[in-house]
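Residue strings, one per chain:
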Number of protein chains: 2
Amino acid sequence: MPRGVPAVIPDDGLTTRQRRNAPVLAVHTGDGKGKSTAAFGMAVRAWNSGLSIGVFQFVKSAKWRVGEETVLTRLGRLHEETGEGAPVEWHKMGQGWSWIRHDADVTDHAEQAAAGWREIRRRLANEVHDFYVLDEFTYPLKWGWVDTGEVIETLTTRPGRQHVIITGRDASPELMDVADLVTEMHKVKHPMDAGRKGQKGIEW
Amino acid sequence: MPRGVPAVIPDDGLTTRQRRNAPVLAVHTGDGKGKSTAAFGMAVRAWNSGLSIGVFQFVKSAKWRVGEETVLTRLGRLHEETGEGAPVEWHKMGQGWSWIRHDADVTDHAEQAAAGWREIRRRLANEVHDFYVLDEFTYPLKWGWVDTGEVIETLTTRPGRQHVIITGRDASPELMDVADLVTEMHKVKHPMDAGRKGQKGIEW
């Protein structure tokens, strides 16, 4: 229950308040479950604090995290209806990002990933959201579809107070180095090891 | 993206469907963040699948996870209003479980924890919820306030199709041994190491 007690007081010239308000860059990596689920839980909590949410899923399958998408976009509609929480946008690469016309030339996964990153970079520059989830974003970085150096430059110089959570296996040391919070989810035991298939409500 | 492809087909006499429908006992342990947040994310997803939720927080502070509590109980009210999702109950030890009268004798934390477990055992026997989160439950087990052997016996013989997620550091080998899914959240880097305090919307 680590709340409120910092381990050291840094000599960075900032006040406690400035440090408290510093935007967070978090990375959830490792071979275990819970990377995306914990990021999603953080987004729901941020929504409750009035932070606007932008989720960007760098996955091919349109079905990935559809339960989370349903709930978070439902919370976004709840905001529109009642003013509770904050706005929510959920974008997925799937068969193509929503802001790219489906008959466009961008059908290649590498190009789609690069287009997704360009849009996120644009939104960060314009401070569009308060809280970004870049789900499974480590993979386009790992595969070189998006340049890690440029991502790090963009993230470390992002304006304002925008929180960014990146999930996926094999986060690079360079990315972890600039992150404020890095958690590795480690698989100790998984039902599929015992031959069980995933099930609705539990796995997705 | 581990969906649908089991690593081995077990020789347990069950059909794939029986195995798919087997209730899950999951443990989130380790020194890192995300244990409770991922359990909360799973609960939100389960809610979306129509599974009724019971959260039991084995913590002293009434403020712990108040954001999650707000959202999940809000989803419970949404179910009452619109029929979406499923019912939600959120109980916390805090200054005493809601089902125990506040002027009662149970003011000792060990006794409160034991009373919490007795209620969960009763609910499991009566199949009250579909999805249970026993948040920070490893601590009363570790401290001997609740008997690990009895918990394991109760969980491994629970009737019906009730999913149970247990969170907290230092889960015992005995508990992990009977769990279907064990994930260890490992802290690689934390903002408080750099002297930052937690902040609303991010840490709680």
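Residues numbered from 1 in each chain as written. Chains lettered and ligands numbered in written order. Predicted model: local features only at pLDDT ≥ 70, side-chain atom pairs only at ≥ 80, totals over all residues. Heavy atoms only, no water.

For chain A, the name recorded in an unreviewed UniProt entry is Cob(I)yrinic acid a,c-diamide adenosyltransferase, with Williamsia sterculiae as its organism.

Colleague: Tell me about the nonpolar core, and name the residues and values.
Modeller: Counting 46 residues, the largest nonpolar core has A:L72 and B:L72 as its most contacted members. Non-local contacts of B:L72, meaning those with residues more than four positions away in its chain, are made with B:F40, B:A43, B:V44, B:I53, B:V55, B:V88 and B:W90. (Core = buried A, V, L, I, M, F, W, Y, C linked by side-chain atoms within 4.5 Å. Buried < 20%, exposed > 50% of the residue type's maximum accessible area, 1.4 Å probe, protein only. Contact = heavy atoms within 4.5 Å.)

Colleague: Kindly report on the sheet that holds strand β6 (residues 181-189) of chain B, identifying the contributing residues and their values.
Modeller: Reading across the sheet, the 12 strands line up as β3(A)-β2(A)-β4(A)-β5(A)-β1(A)-β6(A)-β6(B)-β1(B)-β5(B)-β4(B)-β2(B)-β3(B) and stay open at both edges, with mixed pairing between neighbours. Unpaired on one side and paired on the other, β3 (88-92) of chain A together with β3 (88-92) of chain B mark the two borders of the sheet. For this sheet, the mean inter-axis angle between neighbouring strands, taken without regard to orientation, is 15°. Here five bridges tie strand β2 (residues 53-57) of chain A to β3(A), and the two strands are oriented parallel to one another. Residue A:V55 lies in a different strand from β3(A), and its bridge partner there is A:W90. Strand contacts of helix α2 (residues 35-48) of chain B: β1 (25-29), β2 (53-57), β3, β4 (131-135), β5 (163-167) and β6 of chain B, with the helix running at about 165° to β4(B), the strand carrying the most contacts. (Pairing = 2+ DSSP bridges. Helix = DSSP H or I, 4+ residues; strand = E, 2+ residues; numbered from the N terminus. Axes fitted to C-alpha atoms, helices over the stretch in contact; angles between N-to-C directions.)

Colleague: Please set out the pattern of salt bridges residue by residue, giving values where relevant.
Modeller: Per the counting criterion, the structure on display carries 20 salt bridges over all chains. Residues A:E81 and A:R74 are paired through a salt bridge, measuring 3.8 Å at the closest nitrogen-oxygen approach. For A:E81, a relative accessible area of 52% puts it in the exposed group. For B:E119, the salt bridge identified is with B:R123, shortest N-O distance 2.8 Å. You can see B:E119 and its partner B:R123 sitting in helix α4 (residues 109-126), four residues apart, about one turn around the helix. Each member of the pair B:E119 and B:R123 is classed as buried. (Salt bridge = Lys/Arg side-chain N within 4 Å of Asp/Glu carboxyl O.)

Colleague: Give me the lowdown on a negative patch on the surface, citing residues and values where you can.
Modeller: A contiguous patch of negative charge, built from A:D31, A:E184, B:D31 and B:E184, is present on the exposed surface. Accessibility expressed as a relative area gives 33% for A:E184, which makes it partly exposed. (Patch = residues over 30% accessible without salt bridge, like charges linked within 9 Å, V, L, I, M, F, W, Y side chains within 5 Å. Areas by Shrake-Rupley, 256 points an atom, 1.4 Å probe, with all protein chains shown as cover. Lys, Arg positive; Asp, Glu negative; His and termini not counted. Charge placed at Lys NZ, Arg CZ, Asp CG, Glu CD.)

Colleague: Hey, could you go over unusual backbone geometry for me, with residue numbers and the actual values?
Modeller: All names here are of chain A. Positive phi is not limited to glycine here, since R65 has a value of about 65°. If you trace the backbone, R65 turns up in the loop between β2 and α3 (66-82). R65 gets classed as buried once you look at its relative accessible area, which sits at 11%.

Colleague: Any details on the pairing of strand β4 (residues 131-135) of chain A? Residues and values, ideally.
Modeller: All names here are of chain A. Counting buried positions along β4 gives five out of five residues, so the element sits mostly inside the fold. Of the two faces of β4, the one holding F131, V133 and D135 and the one holding Y132 and L134 are both buried throughout. Sheet topology places β2 next to β4; five bridges connect them, and they run parallel. Along β4, the bridge assignment pairs F56 with L134.

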